[in-house]
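Descriptive structure summary
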Amino acid sequence: MKQLFINHTRFGGGGATIAAERLAAGLRSKGHDVTWMVKDIGVATADYPSDYSQIKPRLFDRLLALPSKDRLTISPLRTQTFSLKGEAQFKDSKIIHLHNLHPDYFNFLTLPSLSKAKPVVWTIHDMWPITGHCGFSIDCERWRSGCGKCPYLNAYPGVSHDWTSTEWKLKRWALSRSRIHVITPSQWLADCVREGIGRDLPVSVLPYGLDTQTYSPSNQAKCKEQLALEPKRFTILLASANLRDPRKPQDILCHAINAVAHEHPDRLQVLTFGNGDLRNSIDARIPVTALGHLASDTEKVRAYSSADITLFSSRGDNLPLIIQESMACGVPVIANRIGGIPDMVKNETTGLLVEGLTSEEFHAAISRLISNPSLLFRLKSAAREFAVKTFELENHVQQTESLYENWYESFNAN
(Lines give C-alpha, C1' and ligand atoms only; values in the text may rest on other atoms or scores of the structure.)
Protein backbone atom coordinates (compact mmCIF):
# COMPACT_ATOMS: atom_id res chain seq x y z
CA MET A 1 0.00 0.00 0.00
CA LYS A 2 1.22 3.49 -0.83
CA GLN A 3 0.87 6.29 1.72
CA LEU A 4 1.46 10.02 1.44
CA PHE A 5 2.59 11.73 4.64
CA ILE A 6 1.90 15.48 4.83
CA ASN A 7 3.89 17.25 7.54
CA HIS A 8 5.51 20.57 8.31
CA THR A 9 9.07 19.19 8.23
CA ARG A 10 10.80 16.22 6.61
CA PHE A 11 14.13 16.05 8.45
CA GLY A 12 15.40 17.08 11.86
CA GLY A 13 12.10 18.37 13.21
CA GLY A 14 10.56 18.05 16.66
CA GLY A 15 8.81 15.13 18.29
CA ALA A 16 5.98 14.96 15.74
CA THR A 17 8.42 14.63 12.82
CA ILE A 18 10.56 12.09 14.66
CA ALA A 19 7.49 9.98 15.46
CA ALA A 20 6.30 10.19 11.85
CA GLU A 21 9.77 9.25 10.57
CA ARG A 22 9.82 6.19 12.82
CA LEU A 23 6.39 5.10 11.59
CA ALA A 24 7.43 5.61 7.95
CA ALA A 25 10.55 3.50 8.47
CA GLY A 26 8.48 0.77 10.11
CA LEU A 27 5.95 0.78 7.28
CA ARG A 28 8.70 0.58 4.68
CA SER A 29 10.18 -2.44 6.46
CA LYS A 30 6.81 -4.13 5.82
CA GLY A 31 6.90 -3.31 2.11
CA HIS A 32 4.85 -0.10 2.09
CA ASP A 33 5.74 2.83 -0.15
CA VAL A 34 5.77 6.07 1.89
CA THR A 35 6.35 9.49 0.34
CA TRP A 36 6.12 12.94 1.89
CA MET A 37 4.83 16.42 1.14
CA VAL A 38 6.37 19.02 3.45
CA LYS A 39 6.68 22.74 3.94
CA ASP A 40 10.31 22.68 5.13
CA ILE A 41 12.95 20.12 4.24
CA GLY A 42 14.82 20.65 7.51
CA VAL A 43 18.39 19.52 8.05
CA ALA A 44 19.02 16.76 5.52
CA THR A 45 22.24 14.85 4.86
CA ALA A 46 23.42 12.64 2.05
CA ASP A 47 22.13 9.61 3.98
CA TYR A 48 18.51 10.72 3.82
CA PRO A 49 16.24 9.53 1.00
CA SER A 50 14.81 11.93 -1.56
CA ASP A 51 11.27 10.72 -0.92
CA TYR A 52 9.57 14.07 -0.57
CA SER A 53 8.26 17.07 -2.43
CA GLN A 54 8.11 20.56 -1.01
CA ILE A 55 4.95 22.63 -0.75
CA LYS A 56 6.20 26.03 -1.83
CA PRO A 57 3.69 28.88 -1.68
CA ARG A 58 3.07 30.76 -4.90
CA LEU A 59 3.56 34.51 -4.99
CA PHE A 60 -0.21 34.91 -5.38
CA ASP A 61 -0.76 32.88 -2.20
CA ARG A 62 1.79 34.91 -0.30
CA LEU A 63 -0.05 38.09 -1.18
CA LEU A 64 -3.41 36.58 -0.26
CA ALA A 65 -2.01 35.44 3.09
CA LEU A 66 -1.04 38.95 4.20
CA PRO A 67 -4.47 39.93 5.64
CA SER A 68 -4.51 36.93 7.99
CA LYS A 69 -0.82 37.07 8.95
CA ASP A 70 -0.35 37.01 12.75
CA ARG A 71 -4.11 36.54 13.12
CA LEU A 72 -4.92 33.03 11.91
CA THR A 73 -2.75 29.89 11.88
CA ILE A 74 -4.86 27.87 9.41
CA SER A 75 -3.78 29.67 6.19
CA PRO A 76 -7.39 30.09 5.00
CA LEU A 77 -6.47 32.12 1.91
CA ARG A 78 -3.79 29.81 0.52
CA THR A 79 -5.19 28.40 -2.70
CA GLN A 80 -2.30 26.05 -3.43
CA THR A 81 -3.53 23.40 -0.97
CA PHE A 82 -6.62 22.89 -3.12
CA SER A 83 -4.37 21.78 -5.98
CA LEU A 84 -2.76 18.96 -3.99
CA LYS A 85 -5.40 16.58 -5.35
CA GLY A 86 -3.88 17.05 -8.81
CA GLU A 87 -0.35 16.09 -7.71
CA ALA A 88 0.93 12.69 -8.78
CA GLN A 89 1.90 11.82 -5.19
CA PHE A 90 -1.66 12.39 -4.06
CA LYS A 91 -3.24 10.54 -6.98
CA ASP A 92 -0.95 7.52 -6.62
CA SER A 93 -1.45 7.09 -2.86
CA LYS A 94 -4.13 4.91 -1.34
CA ILE A 95 -3.95 6.60 2.07
CA ILE A 96 -3.25 10.26 2.89
CA HIS A 97 -1.71 10.44 6.35
CA LEU A 98 -1.68 13.94 7.80
CA HIS A 99 0.64 14.98 10.61
CA ASN A 100 1.49 18.54 11.68
CA LEU A 101 -0.40 20.97 9.43
CA HIS A 102 0.82 24.10 11.19
CA PRO A 103 2.11 26.69 10.93
CA ASP A 104 1.44 28.72 7.83
CA TYR A 105 1.51 26.31 4.88
CA PHE A 106 -1.67 24.21 4.75
CA ASN A 107 -5.15 25.59 4.20
CA PHE A 108 -7.27 23.92 6.89
CA LEU A 109 -10.42 24.63 4.88
CA THR A 110 -9.35 22.15 2.17
CA LEU A 111 -9.86 19.19 4.51
CA PRO A 112 -13.45 18.49 3.38
CA SER A 113 -12.37 18.42 -0.28
CA LEU A 114 -9.24 16.32 0.28
CA SER A 115 -11.01 13.80 2.50
CA LYS A 116 -13.69 13.24 -0.13
CA ALA A 117 -11.04 12.50 -2.78
CA LYS A 118 -8.97 9.99 -0.79
CA PRO A 119 -9.08 8.10 2.52
CA VAL A 120 -7.48 10.46 5.05
CA VAL A 121 -6.12 9.65 8.47
CA TRP A 122 -4.65 12.32 10.71
CA THR A 123 -2.24 11.75 13.57
CA ILE A 124 -2.71 14.86 15.67
CA HIS A 125 0.31 15.54 17.83
CA ASP A 126 -1.15 18.37 19.89
CA MET A 127 -4.39 20.28 20.50
CA TRP A 128 -4.02 22.69 17.58
CA PRO A 129 -6.73 21.10 15.36
CA ILE A 130 -9.39 21.81 18.00
CA THR A 131 -8.27 25.18 19.43
CA GLY A 132 -8.33 28.78 18.25
CA HIS A 133 -4.57 28.70 17.58
CA CYS A 134 -2.50 27.04 20.32
CA GLY A 135 -0.88 23.64 20.39
CA PHE A 136 -1.58 23.25 24.09
CA SER A 137 -4.20 25.22 25.99
CA ILE A 138 -2.29 25.03 29.31
CA ASP A 139 -5.01 25.76 31.90
CA CYS A 140 -7.46 27.44 29.50
CA GLU A 141 -10.73 25.62 28.77
CA ARG A 142 -12.10 28.03 26.15
CA TRP A 143 -11.38 25.55 23.34
CA ARG A 144 -14.43 23.61 24.53
CA SER A 145 -16.87 26.45 23.80
CA GLY A 146 -15.43 28.75 21.17
CA CYS A 147 -12.13 30.37 22.20
CA GLY A 148 -11.86 34.17 22.00
CA LYS A 149 -10.29 36.41 24.68
CA CYS A 150 -7.24 34.15 24.50
CA PRO A 151 -4.97 34.32 27.57
CA TYR A 152 -2.04 32.76 25.71
CA LEU A 153 -1.66 34.48 22.35
CA ASN A 154 2.10 33.86 22.42
CA ALA A 155 1.71 30.10 22.87
CA TYR A 156 2.99 28.21 19.82
CA PRO A 157 1.95 28.79 17.10
CA GLY A 158 1.60 32.35 18.36
CA VAL A 159 -0.53 35.15 16.97
CA SER A 160 -0.45 38.90 17.54
CA HIS A 161 -4.18 39.56 17.20
CA ASP A 162 -7.00 37.70 18.90
CA TRP A 163 -8.94 36.11 16.08
CA THR A 164 -9.05 32.84 18.00
CA SER A 165 -12.86 32.68 18.03
CA THR A 166 -12.90 33.06 14.24
CA GLU A 167 -10.26 30.35 13.77
CA TRP A 168 -12.14 28.00 16.12
CA LYS A 169 -15.34 28.47 14.10
CA LEU A 170 -13.53 27.90 10.80
CA LYS A 171 -11.95 24.72 12.14
CA ARG A 172 -15.32 23.53 13.40
CA TRP A 173 -16.82 24.16 9.94
CA ALA A 174 -14.05 22.23 8.19
CA LEU A 175 -13.99 19.27 10.59
CA SER A 176 -17.78 18.90 10.55
CA ARG A 177 -17.62 18.46 6.75
CA SER A 178 -14.57 16.17 6.65
CA ARG A 179 -14.31 12.41 6.60
CA ILE A 180 -11.12 11.79 8.56
CA HIS A 181 -10.03 9.04 10.93
CA VAL A 182 -8.11 10.71 13.74
CA ILE A 183 -5.21 9.01 15.48
CA THR A 184 -4.05 10.30 18.85
CA PRO A 185 -0.93 9.05 20.63
CA SER A 186 -2.55 9.43 24.07
CA GLN A 187 -5.93 8.75 25.63
CA TRP A 188 -5.92 12.30 27.00
CA LEU A 189 -5.73 13.81 23.51
CA ALA A 190 -8.43 11.43 22.25
CA ASP A 191 -10.68 12.66 25.05
CA CYS A 192 -9.96 16.26 24.06
CA VAL A 193 -10.98 15.55 20.45
CA ARG A 194 -14.20 13.87 21.57
CA GLU A 195 -15.02 16.70 23.95
CA GLY A 196 -14.23 19.41 21.41
CA ILE A 197 -15.01 20.23 17.79
CA GLY A 198 -13.73 16.86 16.55
CA ARG A 199 -16.43 14.96 18.44
CA ASP A 200 -18.06 13.60 15.27
CA LEU A 201 -14.84 12.10 13.90
CA PRO A 202 -13.72 8.51 14.57
CA VAL A 203 -10.72 8.44 16.90
CA SER A 204 -8.18 5.69 17.60
CA VAL A 205 -5.47 5.81 20.26
CA LEU A 206 -2.15 4.52 18.90
CA PRO A 207 0.88 5.40 21.07
CA TYR A 208 4.00 6.38 19.16
CA GLY A 209 6.17 3.48 18.06
CA LEU A 210 9.78 3.08 19.14
CA ASP A 211 12.48 0.56 18.24
CA THR A 212 12.93 -0.90 21.72
CA GLN A 213 15.95 -2.93 20.62
CA THR A 214 17.78 0.29 19.76
CA TYR A 215 16.37 2.10 22.78
CA SER A 216 17.32 -0.42 25.43
CA PRO A 217 19.42 -0.38 28.62
CA SER A 218 23.17 -0.16 28.12
CA ASN A 219 25.89 -0.71 30.69
CA GLN A 220 25.70 2.34 32.92
CA ALA A 221 29.33 2.27 34.01
CA LYS A 222 30.58 2.19 30.41
CA CYS A 223 28.19 4.94 29.34
CA LYS A 224 29.30 7.14 32.23
CA GLU A 225 32.93 6.54 31.34
CA GLN A 226 32.31 7.49 27.71
CA LEU A 227 30.69 10.76 28.83
CA ALA A 228 33.39 11.46 31.45
CA LEU A 229 30.85 11.34 34.26
CA GLU A 230 31.77 10.52 37.85
CA PRO A 231 31.04 6.81 38.25
CA LYS A 232 29.52 6.74 41.75
CA ARG A 233 27.35 9.85 41.74
CA PHE A 234 23.57 9.61 41.43
CA THR A 235 22.90 10.96 37.93
CA ILE A 236 19.88 13.07 37.06
CA LEU A 237 19.01 13.68 33.40
CA LEU A 238 17.28 16.82 32.13
CA ALA A 239 16.40 16.69 28.44
CA SER A 240 14.32 18.67 25.98
CA ALA A 241 14.61 19.81 22.37
CA ASN A 242 14.83 23.32 23.83
CA LEU A 243 15.90 23.57 27.44
CA ARG A 244 14.56 27.13 27.56
CA ASP A 245 11.08 26.26 26.29
CA PRO A 246 8.65 28.09 28.63
CA ARG A 247 6.13 25.26 28.21
CA LYS A 248 8.65 22.89 29.78
CA PRO A 249 10.01 24.93 32.72
CA GLN A 250 13.44 23.58 33.60
CA ASP A 251 13.85 26.22 36.31
CA ILE A 252 11.43 24.26 38.51
CA LEU A 253 13.58 21.16 38.09
CA CYS A 254 16.77 23.10 38.76
CA HIS A 255 15.34 24.52 41.99
CA ALA A 256 14.37 20.99 43.05
CA ILE A 257 17.87 19.68 42.30
CA ASN A 258 19.43 22.56 44.23
CA ALA A 259 17.26 21.71 47.25
CA VAL A 260 18.42 18.08 47.07
CA ALA A 261 22.02 19.31 46.89
CA HIS A 262 21.71 20.71 50.40
CA GLU A 263 20.93 17.18 51.63
CA HIS A 264 23.35 15.26 49.40
CA PRO A 265 26.05 17.74 48.27
CA ASP A 266 28.53 15.03 47.28
CA ARG A 267 26.17 12.48 45.75
CA LEU A 268 24.61 14.21 42.75
CA GLN A 269 25.57 15.03 39.20
CA VAL A 270 23.40 16.37 36.38
CA LEU A 271 23.43 15.45 32.70
CA THR A 272 21.57 17.53 30.13
CA PHE A 273 20.90 17.33 26.43
CA GLY A 274 19.03 19.68 24.13
CA ASN A 275 19.54 23.22 22.92
CA GLY A 276 20.29 25.61 25.77
CA ASP A 277 22.50 25.63 28.85
CA LEU A 278 21.28 25.15 32.44
CA ARG A 279 24.65 25.19 34.19
CA ASN A 280 24.17 28.66 35.66
CA SER A 281 20.85 27.55 37.16
CA ILE A 282 22.27 24.60 39.11
CA ASP A 283 24.14 24.69 42.43
CA ALA A 284 27.86 25.08 41.79
CA ARG A 285 28.57 22.07 44.03
CA ILE A 286 26.86 19.77 41.53
CA PRO A 287 28.85 18.68 38.46
CA VAL A 288 26.87 19.38 35.29
CA THR A 289 27.62 17.83 31.91
CA ALA A 290 25.84 19.55 29.01
CA LEU A 291 25.79 17.45 25.85
CA GLY A 292 23.87 19.96 23.69
CA HIS A 293 21.71 18.75 20.82
CA LEU A 294 21.91 15.00 20.23
CA ALA A 295 20.94 13.92 16.74
CA SER A 296 21.64 10.19 16.76
CA ASP A 297 19.86 7.38 18.55
CA THR A 298 23.22 6.05 19.75
CA GLU A 299 24.08 9.33 21.47
CA LYS A 300 20.68 9.53 23.14
CA VAL A 301 20.76 5.93 24.36
CA ARG A 302 24.20 6.59 25.90
CA ALA A 303 22.83 9.64 27.70
CA TYR A 304 19.72 7.88 28.99
CA SER A 305 21.68 4.83 30.11
CA SER A 306 24.08 7.01 32.11
CA ALA A 307 21.22 8.35 34.21
CA ASP A 308 19.52 6.98 37.30
CA ILE A 309 16.39 9.06 36.76
CA THR A 310 14.99 11.51 34.22
CA LEU A 311 13.11 14.62 35.32
CA PHE A 312 10.37 16.02 33.10
CA SER A 313 8.22 19.09 33.73
CA SER A 314 5.54 20.48 31.42
CA ARG A 315 2.62 22.88 31.37
CA GLY A 316 0.98 20.88 28.57
CA ASP A 317 2.01 17.73 26.69
CA ASN A 318 0.81 14.79 24.67
CA LEU A 319 3.10 11.71 24.70
CA PRO A 320 6.63 13.15 25.14
CA LEU A 321 9.35 11.21 23.32
CA ILE A 322 11.85 12.04 26.09
CA ILE A 323 9.75 10.03 28.54
CA GLN A 324 9.17 7.21 26.06
CA GLU A 325 12.85 6.87 25.17
CA SER A 326 14.00 7.13 28.79
CA MET A 327 11.63 4.38 29.93
CA ALA A 328 12.70 2.13 27.05
CA CYS A 329 16.29 2.51 28.28
CA GLY A 330 15.18 1.40 31.74
CA VAL A 331 15.39 4.84 33.31
CA PRO A 332 12.31 5.83 35.34
CA VAL A 333 10.86 9.32 35.02
CA ILE A 334 9.63 11.78 37.60
CA ALA A 335 7.07 14.05 35.91
CA ASN A 336 4.08 16.17 36.74
CA ARG A 337 0.57 14.92 36.03
CA ILE A 338 -0.49 16.74 32.86
CA GLY A 339 -1.93 15.80 29.47
CA GLY A 340 -0.92 12.37 28.21
CA ILE A 341 2.00 11.89 30.61
CA PRO A 342 -0.03 9.60 32.96
CA ASP A 343 -0.50 7.27 29.97
CA MET A 344 3.23 6.59 30.29
CA VAL A 345 4.30 7.31 33.84
CA LYS A 346 2.21 5.06 36.07
CA ASN A 347 2.71 6.45 39.55
CA GLU A 348 4.62 4.11 41.86
CA THR A 349 4.84 1.55 39.03
CA THR A 350 6.86 2.85 36.07
CA GLY A 351 7.91 6.15 37.63
CA LEU A 352 6.69 8.87 39.97
CA LEU A 353 4.04 11.50 39.24
CA VAL A 354 3.81 14.75 41.15
CA GLU A 355 0.43 16.43 41.23
CA GLY A 356 1.58 20.03 40.89
CA LEU A 357 4.25 21.82 38.92
CA THR A 358 6.32 22.82 41.95
CA SER A 359 9.97 22.41 42.86
CA GLU A 360 8.95 21.20 46.34
CA GLU A 361 7.10 18.19 44.94
CA PHE A 362 9.92 17.30 42.55
CA HIS A 363 12.41 17.72 45.41
CA ALA A 364 10.48 15.25 47.56
CA ALA A 365 10.24 12.71 44.73
CA ILE A 366 13.96 12.92 43.91
CA SER A 367 14.92 12.52 47.57
CA ARG A 368 12.67 9.52 47.87
CA LEU A 369 14.39 7.65 45.04
CA ILE A 370 17.89 8.57 46.23
CA SER A 371 17.12 7.15 49.66
CA ASN A 372 15.24 4.06 48.42
CA PRO A 373 17.40 2.00 46.05
CA SER A 374 14.98 -0.94 46.07
CA LEU A 375 12.13 1.27 44.83
CA LEU A 376 14.38 2.75 42.16
CA PHE A 377 15.39 -0.72 40.98
CA ARG A 378 11.76 -1.83 40.78
CA LEU A 379 10.78 1.28 38.80
CA LYS A 380 13.65 0.77 36.36
CA SER A 381 12.57 -2.77 35.58
CA ALA A 382 8.89 -1.85 35.27
CA ALA A 383 9.61 1.16 33.06
CA ARG A 384 11.49 -0.99 30.56
CA GLU A 385 8.84 -3.72 30.62
CA PHE A 386 6.03 -1.19 30.05
CA ALA A 387 7.89 0.50 27.18
CA VAL A 388 8.45 -2.77 25.33
CA LYS A 389 4.85 -3.81 25.79
CA THR A 390 3.31 -0.43 24.88
CA PHE A 391 5.64 1.28 22.42
CA GLU A 392 7.37 -1.43 20.37
CA LEU A 393 7.52 -0.11 16.80
CA GLU A 394 6.50 -3.38 15.16
CA ASN A 395 3.25 -3.43 17.13
CA HIS A 396 2.60 0.21 16.26
CA VAL A 397 3.10 -0.53 12.57
CA GLN A 398 0.72 -3.49 12.70
CA GLN A 399 -1.96 -1.37 14.40
CA THR A 400 -1.50 1.36 11.80
CA GLU A 401 -1.70 -1.13 8.92
CA SER A 402 -4.95 -2.49 10.30
CA LEU A 403 -6.39 1.01 10.63
CA TYR A 404 -5.32 1.86 7.07
CA GLU A 405 -6.98 -1.26 5.65
CA ASN A 406 -10.24 -0.77 7.54
CA TRP A 407 -10.46 2.93 6.67
CA TYR A 408 -9.63 2.26 3.03
CA GLU A 409 -12.37 -0.38 2.80
CA SER A 410 -14.87 1.87 4.56
CA PHE A 411 -14.06 4.77 2.24
CA ASN A 412 -14.53 2.69 -0.91
CA ALA A 413 -17.71 1.07 0.41
CA ASN A 414 -19.32 4.49 0.64
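Residues numbered from 1 in each chain as written. Predicted model: local features only at pLDDT ≥ 70, side-chain atom pairs only at ≥ 80, totals over all residues. Heavy atoms only, no water.

Let us now look at the overall build of the chain. Across its full length, the chain holds 13 helices and 13 strands. Taken across its 414 residues, the chain has 56% of its residues classed as buried. When the accessible surface of the chain is summed, it comes to about 17300 Å², and 50% of that surface belongs to carbon and sulfur atoms. (Helix = DSSP H or I, 4+ residues; strand = E, 2+ residues; numbered from the N terminus. Buried < 20%, exposed > 50% of the residue type's maximum accessible area, 1.4 Å probe, protein only. Areas by Shrake-Rupley, 256 points an atom, 1.4 Å probe, with all protein chains shown as cover.)

With that settled, consider the pairing of strand E6 (residues 180-184). Across the 5 residues that make up E6, a large majority, 5, are buried. Of the two faces of E6, the one holding Ile180, Val182 and Thr184 and the one holding His181 and Ile183 are both buried throughout. Strand direction decides the pairing type here: strand E5 (residues 120-123) and E6, joined by 4 bridges, are parallel. Along E6, the bridge assignment pairs threonine 123 with isoleucine 183. In this region the chain leaves E5, passes through helix H5 (residues 164-176) and returns to the parallel neighbour E6; the handedness of that crossover is right-handed. Inspection of the sheet shows E6 paired to strand E7 (residues 203-205) by 3 bridges, in the parallel sense. Paired with threonine 184 across the strands is valine 205, a residue of E7. (Pairing = 2+ DSSP bridges. Right-handed = clockwise from strand over helix to strand, strands pointing away.)

Glancing now at the pattern of salt bridges. Tallied over the entire structure, the rule returns 20 salt bridges. Note that arginine 22 and aspartate 297 form a salt bridge whose closest N and O atoms lie 4.0 Å from each other. You can see arginine 22 sitting in helix H1 (residues 15-29) and its partner aspartate 297 sitting in helix H9 (residues 297-306), a full 275 residues away along the chain. You can call aspartate 297 partly exposed: its relative accessible area is 35%. Between arginine 144 and glutamate 195 there is a salt bridge, with the nearest N and O atoms lying 2.6 Å from each other. Within this pair, whereas arginine 144 is found in the loop between E5 and H5, its partner glutamate 195 is found in helix H6 (residues 187-195), the two being separated by 51 residues in sequence. On the accessibility criterion, arginine 144 (35% relative accessible area) is partly exposed. By sharing partners, the salt bridges in this structure join Arg10, Glu21, Arg28 and Asp51 into a single network. (Salt bridge = Lys/Arg side-chain N within 4 Å of Asp/Glu carboxyl O.)

Orientation of H1 relative to helix H10 (residues 321-328), taken along the N-to-C sense of each, is 50°, at an axis distance of 10 Å. Classified by the angle between their axes, H1 and H10 sit oblique to one another. Listed contacts from H10 to Gly15, Ile18, Ala19 and Arg22 of H1 are Leu321, Gln324 and Glu325. By residue class, the composition of the contact of H1 with H10 is 3 nonpolar, 2 polar and 2 charged. (Axes fitted to C-alpha atoms, helices over the stretch in contact; angles between N-to-C directions. Parallel < 35°, antiparallel > 145°, perpendicular 65-115°, else oblique. Contact = heavy atoms within 4.5 Å. Nonpolar A, V, L, I, M, F, W, Y, C, P; charged D, E, K, R; others polar.)

This next bit is on the layout of surface pockets. Its volume calculated, the second largest pocket comes out at about 310 Å³. Considering the residues around the second largest pocket, the lining is formed by 17 residues, among which Ser68, Lys69, Asp70, Leu72 and Asp104 are closest to the centre. (1 Å grid on protein atoms, 1.4 Å probe; cavity = no way out; pocket = protein on both sides within 12 Å on 5 of 7 lines; lining within 4 Å. Points joined across faces, edges and corners; volume = space filled by probe spheres on them.)

In the structure shown here, the tally under the stated rule is 8 aromatic pairs. Seen from their ring centres, phenylalanine 108 and tryptophan 128 are 5.5 Å apart, and the 70° between their planes marks the pair as edge-to-face. You can see phenylalanine 108 sitting in the loop between strand E4 (95-98) and helix H4 (111-117) and its partner tryptophan 128 sitting in the loop between E5 and H5, a full 20 residues away along the chain. With respect to class, phenylalanine 108 is no different from tryptophan 128; both count as buried. Between phenylalanine 386 and phenylalanine 391, the aromatic rings sit 5.8 Å apart at their centres with planes inclined by 80°, giving edge-to-face as the arrangement. In this structure an aromatic cluster arises from ring pairing among Phe108, Trp122 and Trp128. (Phe/Tyr/Trp six-rings, centres within 6.5 Å; stacked < 30°, edge-to-face > 60°.)

Before going further, it helps to spend a moment on the pairing of strand E1 (residues 2-11). Burial of E1 is extensive: 9 of the 10 residues sit out of reach of the surface. With 8 bridges joining them, E1 and strand E2 (residues 33-42) adopt parallel strand pairing. Across the sheet, the residue bridging to phenylalanine 11 is glycine 42, located in E2. Between E1 and its parallel partner E2, the chain crosses via H1, and the hand of that crossover is right-handed. Direction of pairing for E1 relative to E4: parallel, over a ladder of 4 bridges. Its bridge partner lying in E4, isoleucine 6 is registered against leucine 98.

Within the span of H6, buried status applies to Leu189, Ala190, Cys192 and Val193. Down the axis of H6, the buried side of the element spans an arc of 155°, and every buried residue falls inside it. Along its buried surface, H6 packs onto E6 and E7. (Arc of directions from axis to C-beta.)

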